[in-house]
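Structural features, examined
Here are the chains, one letter per residue:
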Amino acid sequence: MRSPTSTEALVNSLLRNPLSIKSRSQAQQLHAQVLKFQASSLCNLSLLLSIYSHINLLHDSLRLFNTLHFPPALAWKSVIRCYTSHGLPHKSLGSFIGMLASGLYPDHNVFPSVLKACAMLMDLNLGESLHGYIIRVGLDFDLYTGNALMNMYSKLRFLKKSGRQRLGASQVLDEMTERTRSVRTASVLVGNQGRKVSDIEAFNYDVSCRSREFEAQVLEIDYKPRSEYREMEACNLGQQIKDISHSMSVDSVRKIFEMMPEKDLVSWNTIIAGNARNGLYGETLTMVREMGGANLKPDSFTLSSVLPLIAENVDISKGKEIHGCSIRQGLDAEVYVASSLIDMYAKCTRVVDSYRVFTLLTERDGISWNSIIAGCVQNGLFDEGLKFFRQMLMAKIKPKSYSFSSIMPACAHLTTLHLGKQLHGYITRNGFDENIFIASSLVDMYAKCGNIRTARQIFDRMRLRDMVSWTAMIMGCALHGHALDAIELFEQMKTEGIEPNYVAFMAVLTACSHAGLVDEAWKYFNSMTLDFGIAPGVEHYAAVSDLLGRAGRLEEAYDFICGMPIGPTGSVWATLLSACRVHKNVDMAEKVANRILEVDPKNTGAYILLANIYSAARRWKEAAKWRASLRRTGIRKTPACSWIEVRNKVYAFMAGDESHPCYEKIREAMEVLMELMEKEGYVPDTSEVHHDVEEEQKKYLVCSHSERLAIVFGIINTPAGTTIRVTKNLRVCTDCHTATKFISKIVGREIVVRDNSRFHHFKNGTCSCGDYW
DNA sequence: ATAGGGTTAG
């Protein structure tokens, strides 16, 4: 026999040190060497296989595995791990069964992968059976297996849909643990020699029963495409099932943790993350503190699990504490921690602090980019969000599903349809269409950009719809004044077993309010508390009082607001005040305005509205008085602003902004139009012009409203037949509304105006809202 | 064996 060469020795040492191999080519070189030296023993090939699986090469692993006639345990375990980390839980469990079937005994380093596969399938039953099996083979005290068990339980919940009444999982496990332990202690005490044969036989029999039980369950699992599991996960983690008895799973996690004889940092991190995922705020923070007692310092895993919970609870002081902690540990520029910090600050409306963390972050990945983008968008900084989105693309980071659902609301709010469509194209090309978050945000975007039909098409094609998808569609209909569609959808949603929440009721009430459906609104308002136990919030009261007010039932609305169990806010009263303006009821307006200033002395809207009401009644002195007191408060009202998209570019207008580069051209066109309109019978309604000035001057002021400038700009800059789409950040003014009807008729074009609450479709001299808005 | 980001609301 020849002595091994140095190369052979190297090969052997490499085979026994799998962590030193880091790339596919290294692994393949080693593979070639093994074949060259005819060292392809079963043992060496299994070692190679475990190397392939450690660097996550599923195909190479499988190719090698398939050449083995009787794969040893190491080969099976490698394949199982690889399947799991590739997100193929069925395959993983199948291989596990195959391993058992070939007579091999599972050991401590196979269960983590199998448990993870159970968690992926969201199958608690299966997980519990596996747990029973693990107890039977005596591995429940193993550190790695225990950690994986905790992880599985903390990710699984009792799904409402499974319907079956279940025994408390932890009770069953308690009993089983007790029985197993007695068998085990007995055998330790007596020693293997003295152990009664019947005991061992009984034990082995029990183990094989458990493994068959588990096997039977695996075979029963119906295979679903991967995307569907992701949807299930999305639904499971969604609000609907959030509060359904996850306590049983959490109990199991705690029991395992307490029983574990040896705990390491991973064990602590796992239970902390589990508590955090299940929303146990106090408990989670306590455990982070207790870690110190066990001589363990929080690491990046700990911090990035805790921060989302702090964000959810909007606890800025705790958040800063954790930030401080991460700085002390030198973890504040670590991607995981930093992304959570960015998100936490954003959720606490401290975007400036998010920026700071983001700037300090040197290596940004898709998630850190998305955190800052979502942070901006969620705080209404749409342009900044878009800016970061573009920067991300320039940094050569490919947008993923999260990126689209984060940025889409920005397109929706800014009405930048061209951008939304562009993103939609990218989404379709990359197969993100099925994603429920993206589809919902697309429905919302198209609806908000005026394209209600496309919104409906996308909605109808969705395979799975959750409450948010329905609400987005209902709100879209409400926005366009399609109240009956909105109501029908709302009823359909309930029929499909999806419970409406706070926002869904806002949507349906808004629909009623835009169409003047008083009775329906009452019905839904009462149903909220009676049928669903949701306490109406200010928004719901606002919708109903708005409706009563518009219908001219001012007294009724007044009493309704006075009867609110939660203190009415300025905004609720404001709906009534604007109704007073529509119905020109100065007495009521005075009464309401005083109530507003009682609860909200800084409500500038009230000053302006009241001043306008006085102006309309030609009571100039009082109007001037209110305007003066507004000036004294030193608060500036939100400036009115309108914008329009022409040839993929957005043009913004402020009222009477004569410095606008297009101002002169617009002015000229406006004069021509005004002449034509007056011939058609248009009389400028200057009653709300708040200054006591000449009639000509008033007419001029009315004509320089931002929405009118935007509309005229659109007419002169687009070819005949194009629909003009204008967005305004506040409400469309009464006179502009009348004027736009005339304009639509004269120029023979459709004009769509979206203001802060709804869409107005002007066509042939009429408006879709029937002048009820 | 453990970790971070997403859709509806005037």
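Residues numbered from 1 in each chain as written. Chains lettered and ligands numbered in written order. Predicted model: local features only at pLDDT ≥ 70, side-chain atom pairs only at ≥ 80, totals over all residues. Heavy atoms only, no water.

Take the overall build of chain A next. Scanning chain A from terminus to terminus reveals 39 helices and six strands. By the burial criterion, 49% of the 773 residues in chain A qualify as buried. A sequence separation of at least 24 residues applies to 66% of the contacts in chain A between residues at least 6 apart. Accessible area for chain A stands at about 37,600 Å²; split by element, carbon and sulfur atoms hold 54% of it. (Helix = DSSP H or I, 4+ residues; strand = E, 2+ residues; numbered from the N terminus. Buried < 20%, exposed > 50% of the residue type's maximum accessible area, 1.4 Å probe, protein only. Contact = heavy atoms within 4.5 Å. Areas by Shrake-Rupley, 256 points an atom, 1.4 Å probe, with all protein chains shown as cover.)

This part is about the protein's contact with DNA strand B. Taken together, 50 residues surround DNA strand B, and among them Asn147, Ser339, Ile367, Ser405 and Lys448 come closest. A breakdown of the atoms of DNA strand B within 4 Å of the protein gives sugar and phosphate a share of 42%. Interatomic distance of 3.2 Å between a side-chain N/O atom of serine 304 and a base nitrogen of DNA strand B. Measuring from a phosphate oxygen of DNA strand B, one finds a side-chain N or O atom of lysine 448 at 2.5 Å. For the surface near DNA strand B, the class distribution of residues is 18 nonpolar, 22 polar and 10 charged. (Near = heavy atom within 4 Å. Polar contact = N/O pair within 3.5 Å; in protein donor to acceptor, adjacent residues only side chain to side chain. Nonpolar A, V, L, I, M, F, W, Y, C, P; charged D, E, K, R; others polar.)

Turning to the UniProt feature "repeat: PPR" (unreviewed entry) in chain A, a few remarks are in order. According to UniProt, the "repeat: PPR" (unreviewed entry) feature falls on residues 264-298, 365-399, 435-465, 466-500 and 501-536. What you have in residues 264-298 is 74% helix and 0% strand, and the ends, taken at the C-alpha atoms, are 12 Å apart. Along residues 435-465, the helical share is 74% and the strand share 0%, with 10 Å between the first and last C-alpha atoms. (UniProt positions renumbered as here; feature names shortened; annotations may be inferred.)

Structurally, arginine 725 can be placed in strand 3 (residues 724-728). If we skip the residues at most four places from it in the chain, arginine 725 touches Cys449, Gly450, Trp643, Ile644, Glu645 and Val752.

We now examine the packing of aromatic side chains. Across all of its chains, the model carries 24 aromatic pairs by this definition. Considering the side-chain rings of phenylalanine 459 and tryptophan 470, the 5.1 Å spacing of their centres and the 80° angle between planes classify their relative orientation as edge-to-face. Placement of phenylalanine 459 in helix 25 (residues 452-461) and of tryptophan 470 in helix 26 (residues 467-479) is noted, with a sequence separation of 11 residues between them. Measuring from centroid to centroid gives 5.1 Å for phenylalanine 525 and tyrosine 541, while their planes differ by 75°, and the two rings are edge-to-face. Of this pair, phenylalanine 525 sits in helix 29 (residues 518-532) while tyrosine 541 sits in helix 30 (residues 538-550), and the two are 16 residues apart along the sequence. In this structure, phenylalanine 525 and tyrosine 541 share a single accessibility class: buried. Through a chain of ring-to-ring contacts, the aromatic side chains of Phe96, Phe111, Tyr133 and Phe214 assemble into a single cluster. When the ring centre of phenylalanine 257 is taken as origin, the NZ or CZ atom of lysine 263, which lies over that ring, is 5.1 Å away. Above the plane of the ring of phenylalanine 459 lies arginine 465, whose end atom (NZ or CZ) is 4.6 Å from the centre. (Phe/Tyr/Trp six-rings, centres within 6.5 Å; stacked < 30°, edge-to-face > 60°. Lys NZ or Arg CZ within 6 Å of the ring centre and 35° of its normal.)

What follows covers the nonpolar core. Ranked by size, the top nonpolar core spans 190 residues in total, and within it Leu93, Phe96, Phe111 and Leu130 carry the most contacts. Looking at this core, the element that brings in the most residues is helix 24 (residues 436-448), giving eight residues. The residue makeup of this core includes at least three contributed by each of domain 1 (273-397) and domain 2 (549-636). Ranked by size, the runner-up nonpolar core spans 32 residues in total, among them Phe653, Leu673, Cys703 and Cys733. (Core = buried A, V, L, I, M, F, W, Y, C linked by side-chain atoms within 4.5 Å. Domains from an automatic or database assignment.)

With that settled, the discussion passes to the sheet that holds strand 4 (residues 751-754). The six strands are arranged 2-1-3-4-5-6 in an open sheet whose pairing can be described as mixed. Edge positions in the sheet fall to strand 2 (649-654) and strand 6 (766-767), since each of these pairs with one other strand and no more. Sheet topology places strand 3 next to strand 4; four bridges connect them, and they run parallel. Looking at the pairing, threonine 727 lines up with arginine 754 of strand 4. (Pairing = 2+ DSSP bridges.)

We now examine the pattern of salt bridges. Tallied over the entire structure, the rule returns 19 salt bridges. When the shortest N-O distance is used, the salt bridge between aspartate 60 and arginine 24 registers 3.1 Å. Placement of the pair is aspartate 60 in helix 4 (residues 58-65) and arginine 24 in helix 2 (residues 24-36), with a sequence separation of 36 residues. Judged by its relative accessible area of 6%, aspartate 60 falls in the buried class. Note that glutamate 283 is salt-bridged to arginine 254, the shortest N-O span being 3.4 Å. (Salt bridge = Lys/Arg side-chain N within 4 Å of Asp/Glu carboxyl O.)

Moving on: a negative patch on the surface. Together, Glu658, Glu664, Glu668, Glu671 and Glu675 give the surface a local cluster of negative charge. Structurally, glutamate 675 is set in helix 36 (residues 663-679). (Patch = residues over 30% accessible without salt bridge, like charges linked within 9 Å, V, L, I, M, F, W, Y side chains within 5 Å. Lys, Arg positive; Asp, Glu negative; His and termini not counted. Charge placed at Lys NZ, Arg CZ, Asp CG, Glu CD.)

Here the focus is the confidence of the model for chain A. Predicted confidence across chain A gives a mean pLDDT of 87, with 89% of residues reaching 70 or more. Within the model, the stretch residues 159-169 combines pLDDT values under 50 with 13 contacts to residues more than four positions away or in other chains. This model gives residues 234-244 a pLDDT under 50, and the stretch forms 17 contacts once residues within four places in sequence are excluded. (pLDDT = per-residue confidence, 0-100.)

Another point: the domain arrangement of chain A. Assigned domains within chain A: domain 1 (273-397), domain 2 (549-636) and domain 3 (640-765). Relative placement of domain 1 and domain 3: their C-alpha centres are 45 Å apart.

In this section: helix 15 (residues 281-293). The complete set of buried residues in helix 15 reads Tyr281, Thr284, Leu285, Met287, Val288 and Met291. For helix 15, the angular spread of buried residues about the axis comes to 155°, placing them on one side. Exposed residues pointing more than 90 degrees away from the buried face of helix 15 are listed as Arg289 and Gly293. (Arc of directions from axis to C-beta.)

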